Amino acid sequence: MSTIHIHNSLSGKKEAFTPLKEGKVGMYVCGPTVYQDVHLGNCRTFTSFDVIYRYLMYQGFKVRYVRNITDAGHLVGDVDTGAEDKMTKAARLEMLEPMEIAQKYTLGFHKMMDVFNNLPPSIEPRATGHITEQIRMVKDILHNGYGYEVNGSVYFNTIKFAQDNDVYGKLSGKIIDDLLAESRDDLKNQDEKRHPSDFAIWIKAEPKHLQQWESPWGPGFPGWHLECSAMSTKYLGTEFDIHGGGNDLKFPHHENEIAQNCGACGQSPARYWMHANMLLLNGKKMSKSAGNSVMPEELFSGNNDFFSKAYSPMVIRFFMLQAHYKSTLDLSDDALLAAEKGYHRLMEAHQSLQGLSYSGQGNASKEDEEINTLLNQAFADMDDDFNTAKALSRLFTLVNKINSFKSGHISLDTITETTFNRLKKEFSDFIFNILGLLDETQGGGSGNGEVVNGLMDLVINIRQHARSSKDWTTSDQIRDKLNELSITIKDGSEGSTWKID
RNA sequence: GGUCGGUUGGCCGAGCGGUUAGGCAGAGGUCUGCAAAACCUCGUACAGCGGUUCAAAUCCGCUACCGACCUCCA
């Protein structure tokens, strides 16, 4: 097993990855708050971690991947402003029970994850299903002196926490002195909080509030951040390997999460923090609240103002994989057009490769060495902080080789049977198992595949006869008509192949 | 204002001290009945100005611009 290096947001450096327990990985990723449909930016983060999950498993790690569903407690504004939480607001607007809202958008989220071919996590805990654990954590925090109760709400005392240790602010790069010095003026406006940076861990519910639970401090609901602390602890322990999420969660969400975990059990939760960067649209962060977002369905249907045509889910996935997860990625029509072609080229090469059978004499040469090197490098790229962009560039160099084998430009004599089999297996593994792509390029809908293939074999056969007798009128007519049906015929030295565009 | 991060050829996007990233587009060629595909060759890019170094897109400093977070957001 090779050594994986991970960029740790906590240290700002790339570090060798050593799991707490050999061969096992505990990974927690912040999931969605299910109060609205997922937008494309959300999908990028989860796709990034899906590839990480897949790669760790491919390398033989036993991974417990926990990704939560937040269905309570996530406020729209600050507590003191009397803001309602997202679930309650959505419930009122749609005139549904909060749990109906949660159900609706959880199902939608799962469906979208499936469309993007993201594997489900090992455990997907919900905030509402872990109220007792969260109450317990609030008690622990109070017991340790890092919380205080005011009028039925409980706040986390960031100042005391920051004074007692040097943990707070480390992840997000906040300077504690600034925090402490922060605006004495602001303090005057605080009704309940002792300091602006303090945050609610338990929030008192008014009688009309739709989601509320009994607690030692009266009826209320848990604060945002708390569910992740409680659930990661429950399923992965007080200390685990990897914690991930979108870059925009670094502060305050993740910073506060660390504070809560430390405050409750004196242990910083994750050893490696990973942050996926934002998807950009028009050069700015995709954000629904800012009105700068595209919904996945709009992209798949082409029904939007940003793009010239519809793009399939796998084209989008491929597009995302062409950039490193830590970089921002700019979405544009030109970029997607390019990704679409690249994706097809990759898939067609894969089909060609699987269609080849070894007929060489097995003389290892420079060619043989190059192929092995490229495969090794692709894995090394993934080991180096999951660099899918770089790994893909190796695969495309292999696409060249594969096409050359197919057309006979390079003889299979130049590689050994072992290398040939390795290429066949690992090229496929990489595309499907590690990068999690699906081949959308072949066949029609499911179930029709055999019929379509059979028909196409027939058509191609008829055309081949026409070509043999130099009946160009017929052969060109077949090709043109198929073209109108968005089927492209490609004539090669060993017969013709077809694809649906 | 504070804290980070970025600025790479026509577009997207890797690289993070010395060796061709890659995809798309473009040019020329090979193959082919033609076309498409495929294959071969080619563009010689690193915001600007200084500095360190035998050597910088890569390190340091300054300037300009862009973005993220500091309010809810993956």
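Residues numbered from 1 in each chain as written. Chains lettered and ligands numbered in written order. Predicted model: local features only at pLDDT ≥ 70, side-chain atom pairs only at ≥ 80, totals over all residues. Heavy atoms only, no water.

> Got a sec to walk through the overall build of chain A? Specific residues and values, please.
A count of helices and strands for chain A gives 17 helices and 15 strands. Projected onto the principal axes, the alpha-carbon positions of chain A cover approximately 90 × 50 × 35 Å. For chain A, the residues scored as buried account for 52% of the 501 residues in total. For chain A, the computed accessible surface area is about 22500 Å², with 49% contributed by carbon and sulfur atoms. (Helix = DSSP H or I, 4+ residues; strand = E, 2+ residues; numbered from the N terminus. Buried < 20%, exposed > 50% of the residue type's maximum accessible area, 1.4 Å probe, protein only. Areas by Shrake-Rupley, 256 points an atom, 1.4 Å probe, with all protein chains shown as cover.)

> An account of the protein's contact with RNA strand B is requested, with residue identities and associated values reported.
Around RNA strand B lies a shell of 60 residues, among which H74, K86, W224, G246 and K285 are the nearest. The contact atoms of RNA strand B, taken as those within 4 Å of the protein, divide so that sugar and phosphate hold 67%. Between a phosphate oxygen of RNA strand B and a side-chain N or O atom of N387, the distance comes to 3.0 Å. Per element, the largest residue contribution to the surface near RNA strand B is seven residues, and it comes from helix α14 (residues 388-407). In the surface near RNA strand B, the residues fall into 19 nonpolar, 24 polar and 17 charged. (Near = heavy atom within 4 Å. Polar contact = N/O pair within 3.5 Å; in protein donor to acceptor, adjacent residues only side chain to side chain. Nonpolar A, V, L, I, M, F, W, Y, C, P; charged D, E, K, R; others polar.)

> Residues and numbers for the sheet that holds strand β9 (residues 240-246), please.
Strand order in the open sheet formed by four strands is β4-β3-β9-β10, with parallel pairing between adjacent strands. Across the chains shown, the open sheet's two edge strands, defined by having one partner strand only, are β4 (62-67) and β10 (270-276). Mean inter-strand twist for the sheet, computed between neighbouring axes without regard to direction, equals 20°. As defined by bridge partners, strand β3 (residues 24-29) adjoins β9 across three bridges and the pair is classed as parallel. From the neighbouring strand, M27 faces β9, where its bridge partner is I242. (Pairing = 2+ DSSP bridges. Axes fitted to C-alpha atoms, helices over the stretch in contact; angles between N-to-C directions.)

> Let's hear about a negative patch on the surface: which residues, and what values?
Residues D37, E297, E298 and D305 make up a contiguous surface patch of negative charge. Within the fold, E298 resides in helix α10 (residues 296-301). (Patch = residues over 30% accessible without salt bridge, like charges linked within 9 Å, V, L, I, M, F, W, Y side chains within 5 Å. Salt bridge = Lys/Arg side-chain N within 4 Å of Asp/Glu carboxyl O. Lys, Arg positive; Asp, Glu negative; His and termini not counted. Charge placed at Lys NZ, Arg CZ, Asp CG, Glu CD.)

> Go over the nonpolar core, please, and point to the residues and values.
In terms of nonpolar packing, the biggest core is built from 89 residues, with L56, L346 and F427 touching the most fellow members. The element best represented in this core is helix α1 (residues 40-58), accounting for nine residues. The residues touching L56, leaving out its near neighbours within four places in the chain, are I4, F17, V25, F61, V63, I242 and F386. Formed by 34 residues, the second largest nonpolar core is a distinct cluster that contains F161, Y168, M231 and A264. (Core = buried A, V, L, I, M, F, W, Y, C linked by side-chain atoms within 4.5 Å. Contact = heavy atoms within 4.5 Å.)

> Give a description of the pattern of salt bridges that names residues and reports values.
Under the defined criterion, the tally for this structure stands at 24 salt bridges. Between D50 and R54 there is a salt bridge whose closest N-O contact spans 2.7 Å. Taken together, the residues span about one helical turn, with D50 and R54 both in helix α1 at a distance of four residues. Like R54, D50 is buried.

> If you had to explain a nonpolar patch on the surface to someone new, which residues and values would you point to?
On the surface, V451, L455, L458 and I462 cluster together into a nonpolar patch covering about 380 Å² of accessible area. Within the secondary structure layout, L455 lies in helix α16 (residues 449-468).

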